[in-house]
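The residues making up each chain are set out below.
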Amino acid sequence: MNIMTCYAHGLREAMRRPKMIMLLWLANIAFAAAAYFGFSCAFGAALGNSGMTVEMLAKTDMNAVIEFLTNSGGRLDDLITMALLVMVFYAFVSIFLNGGILHSLIEQEDRKRFGQTFFAGGGRYYGRFFRLTVYSIILWAPALIGYFLVHAVLRALTKNSTNEQLTFYFSIFRIALALFLIFLIKMIMDYARIRIATQDTNKVFVSLLGAVKFVFARFGGTLLLYYLLGLTGWAAFLVFRLINGTFSKNLTVTVLLGFVLAQLFIASRGWLKIAYQAAELRYFTGR
Amino acid sequence: MKKAVIPFAAGILLLNAFLFGALSRHVVSYDIKARLVPETKSVEGHEVLSWTNDSEAAVSELQFHLYMNAFKNNRTTFIKESGGTSRGYKIDKKNWGYININKIAVQEGADLTGTMAYIQPDDQNPDDQTVMKVTLPAPVEPQQKITLVIDFTTKLPKVFARSGFFGNFFMIGQWFPKIGVLWNGDWNCHQYHAYSEFFADYGAYRAELTVPENFIVGATGKRTGETKNADGTKTYVHVQEDVHDFAWTACPEFVEFREKYTLDNPRVETEMILLVHRSHLKSKERYAQALRNGLEFYSRNYGPYPYETITLVDPAPGGMGAGGMEYPTLFTAGTTSWMPLGIRMPEMVTIHEFGHGYWYGIVGSNEFEEAWLDEGINSYSEVKAMNKYYGDDTSMLDICGVRMGDLVSQRLRVIGSGRFDPIVKRSWDYISGSSYSLNVYAKAALMMLTLERWLGEDVMSRIMKTYYERWKFRHPATKDFVQVAEEVSGQELGWFFSQVLYSPDRLDYAISDLRAEEINEPDGIFEGKTVEPKDSQAKRDAAIKPKTYRNTVVVARLGEWIFPQEILIVFGDGQKVRETWDGRDRWKRFVFTKPVKVVSAEVDPEHKLVLDVNYLNNSRILEPQKLVVARAALGFMHWLQGLLSLVSL
């Protein structure tokens, strides 16, 4: 199967599903909104009445920022804990969303009844995808061991070295290796989910092994497709940063504009998620 | 008899100083021959030490610092206090450091080796061998000189705290037996502590340093000789007067840069020597410019740089444990090969460490007992120099739109800190390293900046110049600085220093309440009569009539320190009112009856009191800026949304 065809198919399929994009965006903002109120209360209590906020409209005052951070330590701890909890809950919800997306992509004929198909899929595969997440430990564990072995070797090589450039490049390599392993496992998980959904099988562990086999049998192709889609996400991010940087948010209207722009970007992440699933599904099934 | 002899002998010392151009009273004189043995990471040394008893009493015991023994085992005072780490660098237990005294004797006299004994004047830790005493066969009378000959071997540790080796890089400081200071009638010879630096007497140093031929050497003082030896080594001779320590460095991977530095007003002529590791050549010009800036700033603001050389040492990668440390006429800086221009670490470290040459080197502060006299005054000087050359808002950080000035970075360390220790305290008595650091560096710097803004820049400048001029090449104490400040400013400043220097409390004033209440028409019982604006005409009249507001501003003292305060109140018609308050009570209310509402109130509007630990509560506005809060909260929400989308991708 031609990688570019799959890539284009993924983008096209995602483009044709505005309702699904909207649903993914809603799920995202629903969780993040809880954080908004927490942050808003914290900022309001610390900054709201201070005259420093008047200057902060024009520019970020590092004095105010560090003073907020140091004088609101306890409150910030609570907020960070809350943000982490939100992320954990959202991880569970995203298992459901994955089922919904895949089911909708597979059951093309039911596209008109989007909601029914999506939620049915989410429920149908939840148990299996959850088990898959648990079984993924067999991928994370060796990856972690492998990473730390490489880390130990590189560290031993640079322990007494005064070659700073080498140490620096090794650090970059370690980060790149970590990211590569994380993305590789996420990609294998994508194919495992696709295998479970397309074959409607309960053999989750077998599907995970099948996905590993599939990925390594077509290593170049699966990676190329994954990183092509990843680059598309980065391009969207750069466009967002470029536009976002063109105006300063010191008026209500520009703050609102910034908010809308940010939400468009988040929606584009939902679109990318669908594109990933659709492109990989096409690559897996070959049709 | 004794009383007659002492002034006479002291006069001889002073006369000697004037006749031979010395800047200080030479209490000590060292002539050292040292050979670096890179294979064993050690230095073989032979030292001839002359010491003059500059006190009023005969001395029959001498005390010495053997600093390198701090790295001898896991029970030394330094290792116990530090946990074997310094600035994030850990001790390597395969490479301990120590100093062995092979022989100590009076020149052409008695062998004192048998009288050597380790003492622990600070903590009685029997495992600490960083201070040694020897008993003399006959006392040294006041103003009498004694000359000792000492053979020693110094084994260097793998560098993690100032001194040691990393690969073929050697930073050799606190490496030879150094006599303590006989001060105020007693030996001031403290053990090597985790959170302290040093204290020694002024004198003359001469050192012959022998290293393998391919090593590049830097050392305290001026190079006066250089000889190639038959055994493949080279000997460098360095001499320097009017200093109280000697350090050196050697590494074959240094690239040496020399540059003449001259300044007209005041007249300064010196040679900048930069020893930059090959990996860091990109930072050479950053170092050089920062050093030029330092020379100009300190010479202009305190006094002309008096020495013929200043050497900057750039530690090898991996040897950063040696970085950021000062020695007379030589200091270590620090950078990395990938250091972005907007991170001003090399500049800040260069200016800071060079500045120590003034407040530790030339003004001989006792860093064991009153470290702030060096670290605090120098951090204050650093903030001023960094702001002058690199911008108030960008002197520490100016990268990707993130900016931070040196003053903010100093405040950052203080405002969130605990209230355990004051600024003046013996360095080993602080509750932790961070408490020592924030007090003697940052809080002391903020104290100096607060004093400057309080007294005015001109007065502060005169205070600093007077203090430097009066105490250069001498050993001042805190009371001496306070005395100069009071004398030059013409003000009694005890109220200021007694709080800030000796109390661990905080300065925090706030606008705790701000409100504008409309004063209504009379309604109720007045002088036995019920007044009620019942009829509609009266209500209409009241609506037309200009409103009057009772504007209330409450200023509160949330910290323990008491400072007089200025309060700026701004009203709706643009009128600005300034009020003053002695700041003594816990709060004070100001009431203004006006036809307009108050808009804002701010305590210390010029931000003179940089010691205030919370600027956010210094001001208050009547109408909260909801937009700023919403913008910040939305920003954080978007950040979380991004993370959630990553989780689900």
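### Let's talk about the overall build of chain B
Next up, step 1: Across its full length, chain B holds 12 helices and 35 strands.
Next up, step 2: Taken across its 649 residues, chain B has 59% of its residues classed as buried.
Next up, step 3: A total accessible area of about 25900 Å² is found for chain B, and carbon and sulfur atoms account for 52% of it.
Next up, step 4: Positive and negative side-chain charges of chain B, numbering 73 and 82 respectively, have mean locations separated by a distance of 4 Å.

### Observations concerning the pairing of strand E21 (residues 268-277) of chain B
Residue and element names in this part refer to chain B.
Next up, step 1: Of all the 10 residues making up E21, nine are buried; the element is thus mostly covered by neighbouring parts of the structure.
Next up, step 2: Inspection of the sheet shows strand E20 (residues 254-263) paired to E21 by 10 bridges, in the antiparallel sense. Considered in E21, the bridge of Leu 263 is made with Val 268.
Next up, step 3: Between E20 and the antiparallel strand that follows it, E21, lie four residues.
Next up, step 4: Two strands pair when backbone bridges link them, and E21 and strand E22 (residues 309-313) are joined in this way by five bridges, in the parallel orientation. If you follow Glu 271 over to E22, its bridge partner there is Thr 309.
Next up, step 5: The parallel pair E21 and E22, bridged by helix H3 (residues 284-301), forms a crossover whose chirality is left-handed.

### Points about the confidence of the model for chain A
Next up, step 1: Here chain A averages 90 in pLDDT, while 95% of its residues score no lower than 70.
Next up, step 2: Averaged over each element, pLDDT in chain A is lowest for helix H3 (residues 52-58) of chain A (73) and highest for helix H9 (residues 204-217) of chain A (96).

### Regarding the nonpolar core
Next up, step 1: Of all hydrophobic cores here, the largest spans 258 residues; its most connected members are Trp 51, Leu 62, Trp 175, Trp 248 and Trp 372 of chain B.
Next up, step 2: In terms of residue count, helix H2 (residues 18-47) of chain A provides more of this core than any other element does, 14 residues in total.
Next up, step 3: Among residues more than four places away in sequence, those in contact with Trp 51 of chain B are Val 27, Val 28, Val 59, Leu 62, Val 140, Gln 144, Lys 145, Ile 146, Ile 179, Leu 182 and Trp 187 of chain B.
Next up, step 4: Formed by six residues, the second largest nonpolar core is a distinct cluster that contains Phe 240, Phe 247, Leu 261 and Ile 266 of chain A.

### Remarks on unusual backbone geometry
Residues and elements named next belong to chain B.
Next up, step 1: The omega torsion of the bond from Asn 265 to Pro 266 falls at 0°, within 30 degrees of zero and hence cis.
Next up, step 2: Looking at the element boundaries, Pro 266 is found in the loop between E20 and E21.
Next up, step 3: Phi is positive for Asn 184, which is not a glycine, with a value near 55°.
Next up, step 4: At Cys 400, a residue that is not glycine, the phi angle is positive and equals roughly 50°.
Next up, step 5: Summarising the element assignment, Cys 400 is placed in the loop between strand E25 (397-399) and strand E26 (402-404).

### Considerations on helix H7 (residues 433-455) of chain B
An α-helical turn contains 3.6 residues, so a residue and the one three or four places further along point in the same direction.
All names here are of chain B.
Next up, step 1: A rise of 1.5 Å per residue sets the reference length of H7, with its 23 residues, at 33 Å; its end C-alpha atoms lie 32 Å apart and thus fit the reference within 8%.
Next up, step 2: Helix geometry: H7 is bent most strongly at Asn 439, by close to 35°.
Next up, step 3: Among the residues trailing H7, Gly 456 stands out with phi positive, at a value near 105°.

### Structural notes on empty space enclosed by the protein
Next up, step 1: With the rule as written, the count across this model stands at five cavities of 30 Å³ or more.
Next up, step 2: Size it by volume and the largest cavity reaches roughly 110 Å³.
Next up, step 3: What lines the largest cavity is a set of 13 residues, and nearest its centre among them are Leu 24, Tyr 90, Gly 270 and Lys 273 of chain A together with Ser 648 of chain B.
Next up, step 4: Counting residues per element, the ones that place at least two in the lining of the largest cavity are H2, helix H5 (73-106) and helix H11 (252-285) of chain A together with helix H12 (626-648) of chain B.
Next up, step 5: Split into classes, the residues belonging to the lining of the largest cavity amount to five nonpolar, six polar and two charged.
Next up, step 6: Taken as a whole, the second largest cavity holds about 90 Å³ of empty space.

### A short note on the pairing of strand E8 (residues 131-140) of chain B
Residues and elements named next belong to chain B.
Next up, step 1: In terms of strand pairing, strand E3 (residues 59-65) meets E8 through six bridges, oriented antiparallel. Of the residues in E8, the one forming a bridge with His 65 is Val 131.
Next up, step 2: Examined bridge by bridge, strand E7 (residues 117-118) and E8 share two bridges and lie antiparallel to one another. Bridged to Ala 117 within E8 is Lys 133.

### Considerations on the sheet that holds E21 of chain B
Residue and element names in this part refer to chain B.
Next up, step 1: Ordered in space as E20-E21-E22-E24-E23, the five strands form an open sheet in which the pairing is mixed. Strands with a single pairing partner mark the edges of an open sheet, and in this sheet they are E20 and strand E23 (325-327). The average undirected angle you get between the axes of adjacent strands in this sheet is 15°.
Next up, step 2: In terms of strand pairing, E23 meets strand E24 (residues 330-332) through three bridges, oriented antiparallel. Looking at the pairing, Met 325 lines up with Thr 332 of E24.

### Here we look at the packing of aromatic side chains
Next up, step 1: Per the stated rule, a full pass over the model turns up 76 aromatic pairs over all chains.
Next up, step 2: Measuring from ring centre to ring centre gives 5.0 Å for Tyr 226 of chain A and Tyr 276 of chain A, while their planes differ by 50°; the resulting arrangement is tilted. Remark: Tyr 276 of chain A occurs in helix H11 and Tyr 226 of chain A occurs in helix H10 (residues 219-244); sequence separation between them is 50 residues. By the burial criterion, Tyr 226 of chain A is buried, and Tyr 276 of chain A matches it.
Next up, step 3: Both rings, one in Tyr 302 of chain B and one in Trp 359 of chain B, keep their centres 4.9 Å apart while their planes meet at 70°; by these two values the pair is edge-to-face. With a gap of 57 residues between them, Tyr 302 of chain B in the loop between H3 and E22 and Trp 359 of chain B in helix H4 (residues 345-362) connect regions that are remote in the sequence. Comparing Tyr 302 of chain B with Trp 359 of chain B shows no difference in burial state: the two are buried.
Next up, step 4: Positioned over the ring face of Tyr 615 of chain B is Arg 411 of chain B, at 3.6 Å from the centre of the ring.
Next up, step 5: Between Lys 594 of chain B and the ring centre of Phe 571 of chain B, over which it is positioned, the NZ or CZ distance is 5.0 Å.

So, how was this worked out
- Per chain, the residues get numbers from 1 upward, laid out in the order the sequence is written.
- As they are written, the chains are lettered A onward and the ligands numbered 1 onward, keeping that order.
- In keeping with the model being predicted, local features are shown solely for residues with a pLDDT of at least 70 and side-chain atom pairs are shown and tallied solely at 80 or more, while totals for entire chains, interfaces and linings include all residues.
- Computation of side-chain values: all heavy atoms of the structure, hydrogens and water removed.
- In this text, helices come from DSSP runs of H or I with a minimum length of four residues, and strands from runs of E with a minimum of two, each type numbered from the N-terminal end.
- Whether a residue is buried, partly exposed or exposed follows from its accessible area with a 1.4 Å probe, protein chains only, as a fraction of its type maximum: under 20%, in between, or over 50%, in that order.
- Exposure was quantified through the Shrake-Rupley algorithm and a 1.4 Å probe, taking into account, for residues, occlusion by the shown protein chains and nothing else.
- In this tally, Lys and Arg are treated as positive and Asp and Glu as negative; His is ignored, and so are the chain termini.
- Where a charge lies is defined by one atom per residue type, namely NZ (Lys), CZ (Arg), CG (Asp) and CD (Glu).
- For two strands to count as paired, DSSP must find a minimum of two bridges between them.
- Note on handedness: a clockwise path from strand one over the helix to strand two, with the strands aimed away from the viewer, defines a right-handed crossover.
- Confidence per residue, as judged by the predictor, is encoded in pLDDT with a range of 0 to 100.
- Only buried residues count toward a nonpolar core. Its members are Ala, Val, Leu, Ile, Met, Phe, Trp, Tyr and Cys residues joined through side-chain atoms within 4.5 Å.
- Contact criterion: two residues are considered in contact whenever any of their non-hydrogen atoms come within 4.5 Å of each other.
- Here the expected length of a helix is defined as 1.5 Å per residue gap, with one fewer gap than residues.
- Working definition for bend: take the seven residues up to and ending at a residue and the seven starting at it, fit an axis to each, and measure the angle between the axes.
- Think of a 1 Å grid over just the protein atoms. A cavity is a set of points where a 1.4 Å probe fits yet cannot get out, a pocket is an open set with protein on both sides within 12 Å along at least five of seven lines, and lining residues have an atom within 4 Å of a point.
- Grid points are joined across faces, edges and corners, and a volume is the space filled by probe spheres set on the points.
- Any residue that is not Ala, Val, Leu, Ile, Met, Phe, Trp, Tyr, Cys, Pro, Asp, Glu, Lys or Arg is counted as polar, Gly included; the first ten are nonpolar and the last four charged.
- For helices, the fitted axis covers only the stretch in contact; all axes are lines through C-alpha atoms, and the angles between them, taken along N-to-C directions, range from 0 to 180 degrees.
- Each Phe, Tyr or Trp ring, with Trp reduced to its six-membered ring, pairs with another whose centre is within 6.5 Å; inter-plane angles below 30 degrees give stacked pairs, above 60 give edge-to-face pairs, and intermediate values give tilted ones.
- Only when the NZ atom of a Lys or the CZ atom of an Arg is both within 6 Å of the ring centre and within 35 degrees of the ring normal do we say a charge sits over the ring.

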